[in-house]
Amino acid sequence: MDYVGRQLRLSTQLAEKRLPAMLITHLPNVRYLCGFTGSAAILAVAVAGKRPRLALFTDGRYTEQARLEVQGAKVVIARGGALREAAGWLARNAEVNAKVGFEADHFSFSAYESLRKLASRLKWQPTSQLVERLRAVKEPAEIAQIRAAIDLASQVYDSIVADIRPGILETAIAAELEFVCRRMGAERMSFETIVASGTRSALPHGIASTQPIAANGFVIIDFGVVLGGYCSDMTRTVFVGQPNRRAERIYQAVLNAQLAGIKAVTAGLATTKVDYAARKVLEKAGLGEYFTHSTGHGVGIEIHELPGLRRATKTTKPPQPERLEAGMVVTIEPGVYIPGYGGVRIEDMVLVTDTGCEVLTPNSKELIVL
Ligand code: ZN
Ligand code: ZN
């Protein structure tokens with residue numbers, strides 16, 4: 001992973017924003033910038049000239065781990081508290097009254113109050129999604145890691161899908177899926193596994209429950225693994241029993257919408273246009289009102305990253321970043337959820353390229369009837 005390159009890109013961003021220093025408190029951003037994977041750390045960045053200077057503040061539990069992992073930053077075991085020592089370091093490394101950015105989306109109000117007391121000679125400036133924007137475009141090594149996570153999850157899905165049958169608890173399906181993922185090397189699941197059957201499949205976020213798989217209806221399985229720090233995310237919907245015309249029509253409409261979304265993806269396109277491409281298909285099929293979420297999201301160190309592939313509305317600001325770039329990894333996951341009936345979602349991860357995209361999720365999207 002190119003930590004030094006990332007640090008330089010951040011310092012360019014800070015220079016553009018006229019911020020000579022910044023405090024990074026969101027752990028995925030800390031990891032992205034210097035490689036530290038522990039659960040407690042603050043990264044301080046001061047830009048002098050072109051070269052950024054970085055210091056990572058953590059505690060005694062992480063002395064050895066920080067020494068092994070951290071690149072391009074000085075490691076400080078902060079006995080007086082990470083925030084206190086980071087603020088002190090910034091006060092020494094930035095000029096009096098210098099503007100220092102902090103991550104407003106990941107900083108509690110009480111931490112902000114402490115910070116103002118700890119370093120009153122600095123001007124604390126809220127920032128939003130500065131490092132997240134850098135993270136949206138993946139390096140080749142990150143893409144390789146994401147591919148590995150996707151391949152692991154894809155193999156596990158194909159190996160367990162035939163075990164879904166009426167009467168088995170949703171949690172039992174989730175347990176088997178997760179057990180095999182872990183046995184094959186997954187560090188953890190990317191998020192709580194969704195197994196939603198029968199009328200529960202109308203819940204877009206139906207985390208596996210103790211409900212038995214219904215005798216007739218859709219089952220949505222949405223899950224992912226973390227491998228080497230990077231997430232995967234996939235959804236398939238199968239049918240248990242015998243699908244009627246209505247069920248087949250709904251499945252086909254969602255699949256057509258998903259394919260239209262994939263076909264639209266290309267570097268330079270507005271993210272809202274990807275959403276529109278998928279949404280239009282469902283609207284034409286008379287199912288638009290049942291597509292109640294956005295078409296997709298970036299995936300990387302976190303399960304939900306930039307860019308968001310959302311609908312353009314008059315009342316909200318356009319999603320940021322507004323356009324796709326080559327190297328972004330996003331999901332395409334339209335769905336239809338009919339209350340009291342059930343739902344269908346199909347989700348792949350794709351890599352944005354200059355000429356279109358590469359679908360990374362290899363699993364078949366033909367309707368599997370069990
Ligand atoms: Zn998903
Ligand atoms: Zn997703």
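Quick note: structure is the one above.
For clarity, every value in this text was computed on a predicted model and none was experimentally measured.

1. Overview of the coordination of the zinc ion (ligand 2)
For the zinc ion (ligand 2), every protein donor is listed as Asp 233 (OD), His 297 (NE2), Glu 333 (OE) and Glu 347 (OE), and the spread of their distances is 2.1 to 2.2 Å. The sequence motif formed by the donor residues of the zinc ion (ligand 2) is D-x63-H-x35-E-x13-E. Take Glu 333: its relative accessible area is 9%, and that puts it in the buried class.

2. What about the nonpolar core?
Counting residues in hydrophobic clusters, the biggest one holds 37 residues, and the most contacted among them are Ile 24, Phe 36, Leu 43 and Leu 56. Of all the elements, helix 2 (residues 27-34) adds the most residues to this core, at four residues. Ignoring any residue separated from it by four or fewer positions in sequence, one finds Phe 36 in contact with Val 30, Arg 31, Ala 41, Leu 56, Thr 58, Tyr 62, Gln 65, Ala 66, Glu 69 and Val 70. Core analysis: the next-biggest nonpolar cluster, separate from the first, contains 26 residues, Val 156, Val 161, Ile 164 and Leu 177 among them.

3. What about helix 2?
Every α-helix carries 3.6 residues per turn, so stepping three or four residues along brings you back to the same face. Among the eight residues in helix 2, six count as buried, and that is most of the element. Burial in helix 2 covers these residues: Pro 28, Asn 29, Val 30, Tyr 32, Leu 33 and Cys 34.

4. Some remarks on the packing of aromatic side chains
Inspection of the entire model under this criterion finds five aromatic pairs. An angle of 50 degrees between the planes, with centres 5.3 Å apart, marks the rings of Phe 102 and Phe 107 as tilted. Per residue, the accessibility class of Phe 102 equals that of Phe 107, and both read buried. Within the aromatic cluster, the residues linked to one another by ring pairs are Phe 102, Phe 107 and Tyr 112. Above the face of the Tyr 341 ring, Arg 246 is positioned so that its terminal group lies 4.0 Å from the ring centre. Positioned above the aromatic ring of Phe 291, the side-chain terminus of Arg 279 is 4.2 Å from the ring centre.

5. Focus: the coordination of the zinc ion (ligand 1)
Binding of the zinc ion (ligand 1) to the protein goes through Asp 222 (OD), Asp 222 (OD), Asp 233 (OD) and Glu 347 (OE), at separations of 2.0 to 2.6 Å. One can describe the donor arrangement at the zinc ion (ligand 1) as irregular, given that its four donor atoms subtend angles of 55 to 150 degrees at the metal. All donors of the zinc ion (ligand 1) come from a single chain, and their spacing in sequence reads D-x10-D-x113-E. Between the two metals, the zinc ion (ligand 1) and the zinc ion (ligand 2), the spacing is 3.1 Å, and Asp 233 donates to both.

6. Notes on the pattern of salt bridges
Summed over all chains, the structure comprises 15 salt bridges. Across the salt bridge formed by Glu 305 and Lys 138, the nearest N and O atoms sit 2.8 Å from each other. Residue Glu 305 is located in strand 14 (residues 305-309), and its partner Lys 138 is located in the loop between helix 6 (130-136) and helix 7 (140-160); the two are separated by 167 residues in the primary sequence. Grouping residues by exposure puts Glu 305 and Lys 138 together as buried. The closest approach of N and O atoms between Arg 345 and Glu 333, which form a salt bridge, is 3.8 Å. Remark: Glu 333 occurs in the loop between strand 15 (329-332) and strand 16 (335-338) and Arg 345 occurs in strand 17 (residues 342-345); sequence separation between them is twelve residues. Among the ionic contacts, a cluster of salt bridges with common partners joins Arg 6, Arg 9, Glu 139 and Glu 142.

7. Observations concerning the state of the cysteines
Applying the stated rule across the entire model yields zero disulfides. Between Cys 181, a cysteine without a disulfide, and Cys 231, which holds the nearest cysteine sulfur, the sulfur-to-sulfur distance is 13 Å. Not engaged in a disulfide, the cysteine Cys 357 finds its nearest cysteine sulfur in Cys 231; these two sulfurs lie 20 Å apart.

Definitions and limits used
Residues numbered from 1 in each chain as written. Chains lettered and ligands numbered in written order. Predicted model: local features only at pLDDT ≥ 70, side-chain atom pairs only at ≥ 80, totals over all residues. Heavy atoms only, no water. Donors = N, O, S within 2.8 Å, 3.2 Å for Na, K, Ca; no water. Buried < 20%, exposed > 50% of the residue type's maximum accessible area, 1.4 Å probe, protein only. Core = buried A, V, L, I, M, F, W, Y, C linked by side-chain atoms within 4.5 Å. Helix = DSSP H or I, 4+ residues; strand = E, 2+ residues; numbered from the N terminus. Contact = heavy atoms within 4.5 Å. Phe/Tyr/Trp six-rings, centres within 6.5 Å; stacked < 30°, edge-to-face > 60°. Lys NZ or Arg CZ within 6 Å of the ring centre and 35° of its normal. Tetrahedral: all angles 85-135°; square planar, octahedral: opposite > 155°, others 65-115°. Salt bridge = Lys/Arg side-chain N within 4 Å of Asp/Glu carboxyl O. Disulfide = S-S within 2.5 Å.

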